[in-house]
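Structure assessment
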Amino acid sequence: GDDGVVPYPWGAHYLPAPNPEARATVRLLEEMGVVTGFDPLGRPLFDGRALCHAPEERLFYRGKWHAGLVPHDALEPHQEAELRRFSDVVAELTDKRGADGRFAFQIPLAESSRDPAFLSLDAISMADWLAREGFSEPFVRWYVRYATLDDFGGEPDDVSAWAGLHYFAARKLRTPQLEGSHFLVWPEGNGRLVRALSEGASATVETGALAVAVEEHETGVTVRAVDTKTEELRTVEARAAILAVPAFVARRLMPSAGAALPERASSPWVVANLHVRRPIDNDHFAWDSVLYEGEGLGYVDASHQRTPPTDRTVLTYFRAFGDADVRASRNRLLDATWESLADGVIRDLKPAHPDLFSRTERMDIVVWGHAMPRPRPGFLGDRPFEVEATLGRRVAWASVDAPGMALFEEAQRAGVRAAEAVAARAGFDLGPTWV
């Protein structure tokens, strides 16, 4: 959004510094000027203005704000000991390789190990793994639950242990520059990345066209769409088409391709943007603020990167609905009123900000019914990392539903992969390949 005192996100709000193996993402950041060069080991260097400034994160725990997401000064020795054991396991998995020589967990996902010792983790839930490994401390379990809700929109008992451990162990990039922060952030969040992709492509983007059918024939593709203003049916003839939509939508548009598409559960989310006046508390505000055992995942401050911060700002609040019955959650959200959703946001944040209501000038809310695929146990399937990109000779599919995890690197890779898959068949020369 851009109708406030500062641009702000409506969805994903950051990009962790990508692994060098995510070649297309590194290339995009290079084109944006965010990657400014490479060190002697070939690792990307970043424009410091895009790395999250301090203070980066804070946690409201037992009535007080603490720096970072772990309140070390407030935890008991036995809590610290279990958290340290969990961190040690994660550190070991981050560097561990399978019998095939690949890292156990990698981004892109397709470069992860096929070793059965690791793939077997997809057969159990993250909650089952925690129990098996003896992690029982409430704080550790909250910490893991925050992670599975944050990246997958699901509770630990409805998320694959492979996916849950991937969250903690897949990011490998370590350089002196990243010791302060691993997050690339902009006021409008990943809207900055979307804009860079659009501008770089010099594409003609047409909105208000509701696609209803995609039909492949010998010489090309016919796309049928309804103009949402005139309600007229229009037909577009093309040499090729890419369906950049979730699997359940692709199945509706092109029923003949249904067998090639995976079944995914989609997690619903609520995102609220609060236009507020400072100060909303007496502590030093951070980019990301999280409340321990809150209903939501906290909020980010859109003006955090500005120096000095503005007197008014936009706080973007996120809540993932992680219940196993995603359809029921969607139906409840569909029926919810703005007043009930807004009241839920204020009540959730009130323990940390008693005066938030009086300082909020405006609140906008959006419900994302299918915000992200949820990687349930078994999501990797019988052929892990081998989801088909093409739905026909001239039709390709691009979605994070393919890998089953909603990461920017995977979304972009799916799009590049789809383009490369149909380009030659449709008579296009894209130059060097990136996937």
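The structure this text deals with has already been given above.
Residues numbered from 1 in each chain as written. Predicted model: local features only at pLDDT ≥ 70, side-chain atom pairs only at ≥ 80, totals over all residues. Heavy atoms only, no water.

**Quick notes on the packing of helix 2 (residues 77-95) against helix 6 (residues 161-169)**
Quick reminder of the rule: Under this scheme, a helix contributes an axis fitted over its contacting stretch, all axes are lines through C-alpha atoms, and angles between N-to-C directions fall in the 0 to 180 degree range. Strands are runs of DSSP state E lasting at least 2 residues, helices are runs of H or I lasting at least 4, and numbering of each runs from the N terminus. An angle counts as roughly parallel when it lies under 35 degrees, as roughly antiparallel when it exceeds 145, as roughly perpendicular when it falls between 65 and 115, and as oblique in every other case. Contact between two residues is taken to exist if any of their heavy atoms lie within 4.5 Å; hydrogens are not considered. When residues are grouped by polarity, Ala, Val, Leu, Ile, Met, Phe, Trp, Tyr, Cys and Pro land in nonpolar, Asp, Glu, Lys and Arg in charged, and all others, Gly among them, in polar.
Between helix 2 and helix 6, the shortest axis-to-axis distance is 9 Å and the interhelical angle comes to 85°. Between helix 2 and helix 6, the angle is such that the two are roughly perpendicular. Residue-level contacts link Phe-86, Val-90, Leu-93 and Thr-94 of helix 2 to Leu-165, Phe-168 and Ala-169 of helix 6. Among the residues making up the contact of helix 2 with helix 6, the classes are represented as six nonpolar, one polar and no charged.

**Brief notes about the pattern of salt bridges**
To keep it simple, the criterion reads: Put simply, a salt bridge is a Lys or Arg side-chain nitrogen that is within 4 Å of an Asp or Glu carboxyl oxygen. Each residue is assigned to one of three classes by its accessible area relative to the maximum for its type, calculated with a 1.4 Å probe on protein chains only: buried under 20%, partly exposed between the two thresholds, exposed over 50%.
Counted under the stated rule, the structure contains 27 salt bridges. The partner of Arg-224 in a salt bridge is Glu-215, and the shortest N-O contact between them spans 3.1 Å. You can call Arg-224 partly exposed: its relative accessible area is 28%. Across the pair Arg-278 and Asp-301 runs a salt bridge whose closest N-O atoms are separated by 2.9 Å. On the criterion of sequence distance, the pair formed by Arg-278 in the loop between strand 11 (265-277) and strand 12 (288-291) and Asp-301 in strand 13 (residues 299-301) is long-range, its members being 23 residues apart. Taken as a pair, Arg-278 and Asp-301 share a single burial class, namely buried. Here the residues in one salt-bridge network are Glu-188, Arg-192, Arg-195 and Glu-199, joined through shared partners.

**Things to note about the side chain of Gln-79**
Structurally, Gln-79 can be placed in helix 2. Note on Gln-79: relative accessible area 8%, which makes it buried. The contacts of Gln-79, once residues within four sequence positions are left out, are Tyr-61, Arg-62, Ala-74, Glu-137 and Phe-139.

**Describing the packing of aromatic side chains**
Filter applied, for reference: Aromatic pairing here means that ring centres of Phe, Tyr or Trp (its six-membered ring) are within 6.5 Å. Orientation follows from the plane angle: under 30 degrees is stacked, over 60 is edge-to-face, and everything else is tilted. When the NZ atom of lysine or the CZ atom of arginine is within 6 Å of a ring's centre and also within 35 degrees of its normal, the charge is said to sit over that ring.
Applying the stated criterion across every chain, the model contains 23 aromatic pairs. Judged by centre distance (5.1 Å) and plane angle (85°), the ring pair of Phe-86 and Phe-168 falls under edge-to-face. One end of the pair, Phe-86, is in helix 2; the other, Phe-168, is in helix 6, and 82 residues separate them in sequence. With a centroid separation of 4.9 Å and an interplanar angle of 75°, the aromatic rings of Tyr-167 and Phe-168 are classed as edge-to-face. Joined through ring pairs, the aromatic side chains of Tyr-61, Phe-86, Trp-129, Phe-135, Phe-139, Trp-142, Tyr-143, Tyr-146, Tyr-167, Phe-168 and Tyr-292 make up one cluster. The lysine or arginine in question, Arg-97, covers the ring of Phe-103, its NZ or CZ lying 3.8 Å from the ring centre.

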